[in-house]
Amino acid sequence: MRDEISAALMIVGAVFALIASIGMLRMPDLFLRMSSSTKASTLGVGTILVSAAVYFGELGVISRTMATLAFVLLTVPVAAHVLGRAGYRVGVELSDRTVRDDLRDRYGPQIDREDIEVDAEFEGM
Amino acid sequence: MTLSDVAIYVVLPMLAVAVLLTFVRLMRGPTLPDRAAALDLMSALGIGFVATYAIATDQPSLLDTAVVLALVSFLGTVGFALYVERRV
């Protein structure tokens, strides 16, 4: 019984990880890519870790996987926020289907969003 | 079909395809933050790989690697973000 639960959780986690990478490949701009990849990868990795905890079922393993899961749940949103903020400040292009950009007035004067020097600089890297 | 068969023949190939798709974004991705996000996703997928492999080989001590990978990937992403912001 425990093996079946573990297998089901593992497959669900792998499906979510696959969805995250498809979103990373197909979404139109940086922020949508990060939106899909962070959410789905957190869920996928978390489900796989829970599956390992269910499979082994010992106190040491459960505490280790739960510690990893708590750490992932805490740090992935922070990392995504820091990276998104840096990307917006650098002037990463938004998708042309964007309807609303509330940050434009607040971060706008500091950087020149028409200036594509940043993009050209990062293009070759 | 045992659990280790499920892990080896179903879950690990799916994770490998996910890493390949992310690698395409890492190669293509027009700006540096795109690449940093792709690397972050790849290290998250690496945590999944390690956990799945621990189940497949029935060795729980491999899970320590997952903890270390989670720590290092967070530091790496934050470092990349600070570097990107500092360059402007």
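Rules used in this analysis
- Residues numbered from 1 in each chain as written.
- Chains lettered and ligands numbered in written order.
- Predicted model: local features only at pLDDT ≥ 70, side-chain atom pairs only at ≥ 80, totals over all residues.
- Heavy atoms only, no water.
- Patch = residues over 30% accessible without salt bridge, like charges linked within 9 Å, V, L, I, M, F, W, Y side chains within 5 Å.
- Areas by Shrake-Rupley, 256 points an atom, 1.4 Å probe, with all protein chains shown as cover.
- Salt bridge = Lys/Arg side-chain N within 4 Å of Asp/Glu carboxyl O.
- Helix = DSSP H or I, 4+ residues; strand = E, 2+ residues; numbered from the N terminus.
- Contact = heavy atoms within 4.5 Å.
- Core = buried A, V, L, I, M, F, W, Y, C linked by side-chain atoms within 4.5 Å.
- Buried < 20%, exposed > 50% of the residue type's maximum accessible area, 1.4 Å probe, protein only.
- 1 Å grid on protein atoms, 1.4 Å probe; cavity = no way out; pocket = protein on both sides within 12 Å on 5 of 7 lines; lining within 4 Å.
- Points joined across faces, edges and corners; volume = space filled by probe spheres on them.
- Expected span 1.5 Å × (residues − 1).
- Buried area = accessible area lost by both parts, 1.4 Å probe.
- Polar contact = N/O pair within 3.5 Å; in protein donor to acceptor, adjacent residues only side chain to side chain.
- Nonpolar A, V, L, I, M, F, W, Y, C, P; charged D, E, K, R; others polar.

(A) Molecular detail of a nonpolar patch on the surface. Nonpolar side chains collect at one region of the surface, where Ile11, Val15 and Ile19 of chain A lie side by side and expose about 210 Å² of accessible area between them. Within the secondary structure, Ile11 of chain A is located in helix α1 (residues 2–26).

(B) Inspection of the environment of Ala7 of chain A at higher detail. Tracing the backbone shows Ala7 of chain A in helix α1. Along the primary structure Ala7 of chain A and Ala52 of chain A are separated by 45 residues, whereas in three dimensions their C-alpha atoms are 9.4 Å apart. Excluding residues within four positions of it along the chain, Ala7 of chain A makes contact with Leu3 and Val6 of chain B.

(C) Structural context of the nonpolar core. With 51 residues, the main nonpolar core has Met10 and Phe56 of chain A together with Ile55 and Leu63 of chain B as its most contacted residues. Of all the secondary-structure elements, those providing two or more residues to this core are α1, α2 (30–56) and α3 (59–90) of chain A together with α1 (3–28), α2 (32–57) and α3 (63–87) of chain B. Considering every element that reaches this core, the biggest residue donor is α2 of chain B, with 13 residues. Excluding anything up to four places from it in sequence, Leu63 of chain B contacts Ala52, Phe56, Val61, Arg64 and Thr65 of chain A together with Ala51 and Ala54 of chain B.

(D) Representation of empty space enclosed by the protein in the model. One pass over the structure, following the stated rule, counts three cavities of 30 Å³ or more. There is about 130 Å³ of room inside the largest cavity. Lining the largest cavity are 16 residues; nearest its centre among them are Val76 of chain A together with Asp40, Ser43, Ala44 and Ser73 of chain B. Mapped by element, the contributors of at least two residues to the lining of the largest cavity are α2 and α3 of chain A together with α2 and α3 of chain B.

(E) Representation of α3 of chain A within the structure. Relative to the 46 Å expected for 32 residues at 1.5 Å per residue, α3 of chain A spans 46 Å between its end C-alpha atoms, a close match to the ideal helical length. In the segment just after α3 of chain A, Gly91 of chain A is the residue with positive phi, at about 95 degrees.

(F) Layout of the interface of chain B and chain A. At the interface, 49 residues of chain B touch 49 residues of chain A. Both sides together, the interface formed by chain B and chain A hides about 4,400 Å², and carbon and sulfur atoms give 77% of it. Between chain B and chain A we count four salt bridges in total. Its salt-bridge partner being Asp34 of chain B, residue Arg33 of chain A comes within 2.5 Å of it at the nearest N-O pair. The interface formed by chain B and chain A includes seven residue pairs in polar contact (both at pLDDT 80 or more). Those elements that provide at least two residues to the side of chain B that touches chain A are α1, α2 and α3 of chain B. No other element matches the 16 residues that α2 of chain B contributes to the side of chain B that touches chain A. Class assignment for the residues of the side of chain B that touches chain A results in 35 nonpolar, seven polar and seven charged.

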